[in-house]
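Below, each chain spelled out in residue letters.
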Amino acid sequence: MRRTVFTEDHEAFRDTIRAFIEAEVVPVYDEWFAAGQAPRDFYHKLGELGIFGINVPEEFGGAGLETHKFEAVLYEETARAGVQFGGSGVHVLLALPYIKMLATEEQKKRYLPKFVSGEEMWALAMTEPGTGSDLAGMKTTARLSEDGTHYVLNGAKTFITGGVHADRVIVCARTAAPTAEDRRHGISLFAVDTKADGYSVGRKLDKLGLRTSDTAELAFVDVKVPVEDLLGEENKGFHYLGLNLPSERWGIAFGSYAQAKAAVRFAKEYVQDRTVFGKTVASFQNTKFELAACQAEVDAAEAVADRALEALDAGELTAAEAASAKLFCTEVAHRVIDRCLQLHGGYGFMNEYPIARLYADNRVNRIYGGTSEVMKMIIAKDMGL
């Protein structure tokens, strides 16, 4: 089935990324996996490669493009190689849209050049212990000082991807109490400098999957945040968060499809090499049927992911469409990766094989960015149910 979503420019970028992964990531990936994070200097290499600046305006050091198609190529190529780029995904997919959408010109001049180079890595801190998907229930507060020069930030966050290496974190905090009519009122966004007094990184969390992505707990004790680091208007944070959810959910959908595609590749290569009862595993009818069924599901997920990508680039991807794409692609990936691991037999349970790591990495896709159950609620509401 011929795809039309990518051009020659995207394929040239794919060649560059594939060569980079083979030279800079694959040889040391086991070390990253054991350490539980990518080294900080790796992000400088991504900056030098231009990964962080694709969607950043030229006046701030970027390429000035307005497309997610290069990100899509990254999803496919990292999945194909069975690797992750540490916590860098949140830097571009989650943090950058808020900077572009909300930052003043003065803020962009301060933030974006270092963002592009990798000198400053960004993360997004929404989730708190005990709140999960209920962002309106957050307890972290930011109180404006009496002289109006800064906010005083207090509270805690958890499950923060990129939280160990982050130099700036977009922190969601309450600047006003919720109202009886609207629990979501009173949330604001701040670009917090992680070197500020009172800011601390707690545990680097020990996760089932995404082992090379540093995920941490954060704590804020009387952290002074200059008013110049407020993003957007006070008390409108929840509204801003909602605007970026479709692109975030597209990213999870596309990444899941890419993982499913990679799983079929890993399984196909394995069964062609592995011999049992004097024959290759690939020669058995059950193997052929299993991989054929998986390929059909991957084809369908690819079509859904590509359609969502085109809609996102056109500025037309709705919340319900993004939820549908995320639900479908993550569920397909769950089924396909599980079946491809089964074809590996006992070796599929060994972390030295990429299918095992992929199985663990994929599981979170049905949880973060909104659980599958939340996606179903969004879709049902859009159906008028």
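The numbers attached to residues start from 1 for each chain and follow its sequence in the written order. Note on the predicted model: pLDDT of at least 70 is required for a residue's local features to be given, and 80 or more for side-chain atom pairs to be given and counted; whole-chain, interface and lining totals, by contrast, use all residues. Hydrogens and water are ignored here; the side-chain numbers use all heavy atoms of the structure.

*Asks:* Tell me about the pattern of salt bridges, residues and numbers included.
*Replies:* We count a salt bridge whenever a side-chain nitrogen from Lys or Arg sits within 4 Å of a carboxyl oxygen from Asp or Glu. Enumeration over the complete set of coordinates arrives at 26 salt bridges. One salt bridge connects D229 with R110, and the closest N-O pair in it is separated by 3.1 Å. Note that D229 is positioned in the loop between strand 7 (215-226) and strand 8 (230-231) and R110 in helix 6 (residues 105-117), a separation of 119 residues in sequence. Exposure remark for D229: the relative accessible area of 5% places this residue in the buried category. For R110, a relative accessible area of 30% corresponds to the partly exposed category. A run of DSSP states H or I qualifies as a helix once it reaches four residues; a run of E qualifies as a strand once it reaches two. Both are numbered from the N-terminal end. Relative accessibility under 20% of the residue-type maximum defines a buried residue, over 50% an exposed one, and the middle range a partly exposed one, all with a 1.4 Å probe and only protein chains included.

*Asks:* So what about the packing of aromatic side chains? Which residues, and what values?
*Replies:* Any aromatic ring pair is given by two values, namely how distant the centres are and how the planes are angled relative to each other. Stacked, tilted and edge-to-face are the three classes assigned to paired rings of Phe, Tyr and Trp, where Trp is represented by its six-membered ring and a pair needs centres within 6.5 Å; plane angles under 30 degrees give stacked, over 60 edge-to-face, the rest tilted. Scanning the entire structure with this criterion turns up 16 aromatic pairs. Between the aromatic rings of Y75 and W250, the centroid separation amounts to 5.9 Å while the plane-to-plane angle is 70 degrees, which identifies the pairing as edge-to-face. With Y75 in helix 4 (residues 69-81) and W250 in helix 7 (residues 237-273), this pair connects stretches of sequence that are 175 residues apart. Taking relative accessible area as the criterion, Y75 reaches 22% and is therefore assigned partly exposed. Seen in terms of ring centroids, W250 and F254 are 5.5 Å apart; in terms of plane orientation they differ by 45 degrees. Their pairing is tilted. Taken as a pair, W250 and F254 lie in helix 7 at a separation of four residues, close to a single helical turn. Here W250 and F254 have matching classes, each one buried. A connected cluster of aromatic rings, assembled from ring pairs, spans F20, Y29, W32, F42, Y43 and F85. To sit over a ring, a charge needs its Lys NZ or Arg CZ within 6 Å of the ring centre and within 35 degrees of the ring normal. Directly above the aromatic system of F284 lies the positively charged group of K279, at a separation of 4.5 Å from the ring centroid. Across the ring face of F33, the terminal group of R357 is positioned such that the distance to the ring centre comes to 4.2 Å.

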